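Breakdown of the fold
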Amino acid sequence: MSGHDHGNDGVNRRKVLECMTWAGTGVLWTVTGGVPRSLGIIDSAQAATAAAPGMTFLQISDSHVGFDKPANPNALGTLEEAVNKINAMPVKPSFMIHTGDITHLSKAAEFDNAERIISQTKLDVHYVPGEHDFIDEEVKLYRERYGRGTKGHGWYSFDAGGVHFIGLVNVVDLKAGGLGNLGAEQLAWLEDDLRGKSKSTPIVLFAHIPLWTVYPEWGWGTEDGGRALEYVKGFGSVTVLNGHIHQVMQKVEGNVTFHTARSTAFPQPAPGAAPSPGPMKVEDARLRSMLGVASVNFKQNEQLLAIIDTPLQG
């Protein structure tokens, strides 16, 4: 899963698709003593019970406000459905992370509409940009709204509930095929940010494009992501949250759990299952089962981290 062998396409594609079996009503992950294990696919009621109490935060991704093509003529409406689902949670999350592509075309009205809907959660939201948030002519609309207090193109870190969170930007200088890129300046900052942190501190990295190589032919990976992951190798519990590919995929590599989130706008095909990535039209009855949000729970005393994926419907 960490790479793609052109001489063994069938096997590698099968491994990729096996990862897709984690997609469901909810997947609960625990990290005890730095060792992640899956408790399997569970329903949202069980997930809510299992995940509380403790610090819970939400991840949403790829809202693509402004998108109105056949794959979802009303992306703003499904974002609102996701927000309604969040507001109905029995336990209010501590905050929310948005892993990019807030908008579809980086228009001021799209940012305004996204803010109008997302603010209804009344949660603090920590953003990182997607490539769709950086395509306005002067590349300033995202930074004006969400760039205050950040470094470089928008990276930053913060602490909450005993966990160290690091928001990374890997959409500024895309490489061949659309692969993400962090760049030397950000990597140097990351190394410095982690310096002196206790190795028992749980680390959460979040960025738009996956930091692990999901499918390089479609640009689903970050060219220098391995460099970033080297810096967190010594920590006992590391979780990497990404968006971009609009589907749930998870893998565990040593002390690192990788997780990509569903979109709130439209699905994309499984890696290699179509000629190219992009909005995937499905029957209207299936759309909301392929969109959703993720909640993450951390119990400090038990060193437990749980990721629960919940679709908008189903």
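Residues numbered from 1 in each chain as written. Predicted model: local features only at pLDDT ≥ 70, side-chain atom pairs only at ≥ 80, totals over all residues. Heavy atoms only, no water.

1. Considering helix α6 (residues 184–194)
Taken residue by residue, α6 has Gln186, Leu187, Trp189, Leu190, Asp193 and Leu194 as its buried positions. Taken down its axis, α6 places every buried residue within 160° of arc, on the same side. What points out from α6, more than 90 degrees from its buried face, is the exposed set Ala184 and Glu185. Buried-residue contacts for α6 involve β6 (156–160), β7 (163–167), β8 (203–206) and α7 (225–231). Where α6 ends, the next residue or the one after it, Gly196, has phi of about 90°, a positive value. (Buried < 20%, exposed > 50% of the residue type's maximum accessible area, 1.4 Å probe, protein only. Helix = DSSP H or I, 4+ residues; strand = E, 2+ residues; numbered from the N terminus. Arc of directions from axis to C-beta. Contact = heavy atoms within 4.5 Å.)

2. Observations regarding the pairing of β7
With five of five residues buried, β7 is to be regarded as a mostly interior element. Burial along β7 is two-sided: Val163, Phe165 and Gly167 and His164 and Ile166, pointing in opposite directions, are all buried. In this antiparallel pair of consecutive strands, β6 and β7, the connection spans two residues, and Gly161 shows a positive phi of 55°. Pairing analysis gives four bridges linking β7 to β8, with the strands arranged parallel. Pairing of Ile166 across the sheet is with Leu205, part of β8. The parallel pair β7 and β8, bridged by α6, forms a crossover whose chirality is right-handed. (Pairing = 2+ DSSP bridges. Right-handed = clockwise from strand over helix to strand, strands pointing away.)

3. Some remarks on the confidence of the model for the protein
Across the protein, the average pLDDT comes to 83, with 81% of residues at 70 or higher. For residues 1–52, every residue scores under 50 in pLDDT, and the model assigns this stretch 113 contacts once sequence neighbours within four places are set aside. (pLDDT = per-residue confidence, 0-100.)

4. Considerations on the pattern of salt bridges
A side chain of one charge can pair with a side chain of the opposite charge if their charged atoms are brought near each other. For the structure shown, the criterion picks out 11 salt bridges. For Glu138, the salt bridge goes to Lys140, with nearest N and O atoms at 3.8 Å. Of the charged contacts, one joins Lys281 and Asp284 as a salt bridge, the two residues approaching to 3.2 Å between their closest N and O atoms. You can call Lys281 partly exposed: its relative accessible area is 48%. A single salt-bridge network, built from bridges that share partners, covers Glu138, Lys140 and Glu144. (Salt bridge = Lys/Arg side-chain N within 4 Å of Asp/Glu carboxyl O.)

5. A closer look at the sheet that holds β8
With mixed pairing, the six strands of this open sheet are ordered in space as β6-β7-β8-β9-β11-β10. The open sheet has two edge strands, β6 and β10 (249–253), and neither has a second partner. The average undirected angle you get between the axes of adjacent strands in this sheet is 15°. Where α6 meets the sheet, its contacts fall on β6, β7 and β8, and the angle it forms with β7 comes to roughly 170°. (Axes fitted to C-alpha atoms, helices over the stretch in contact; angles between N-to-C directions.)

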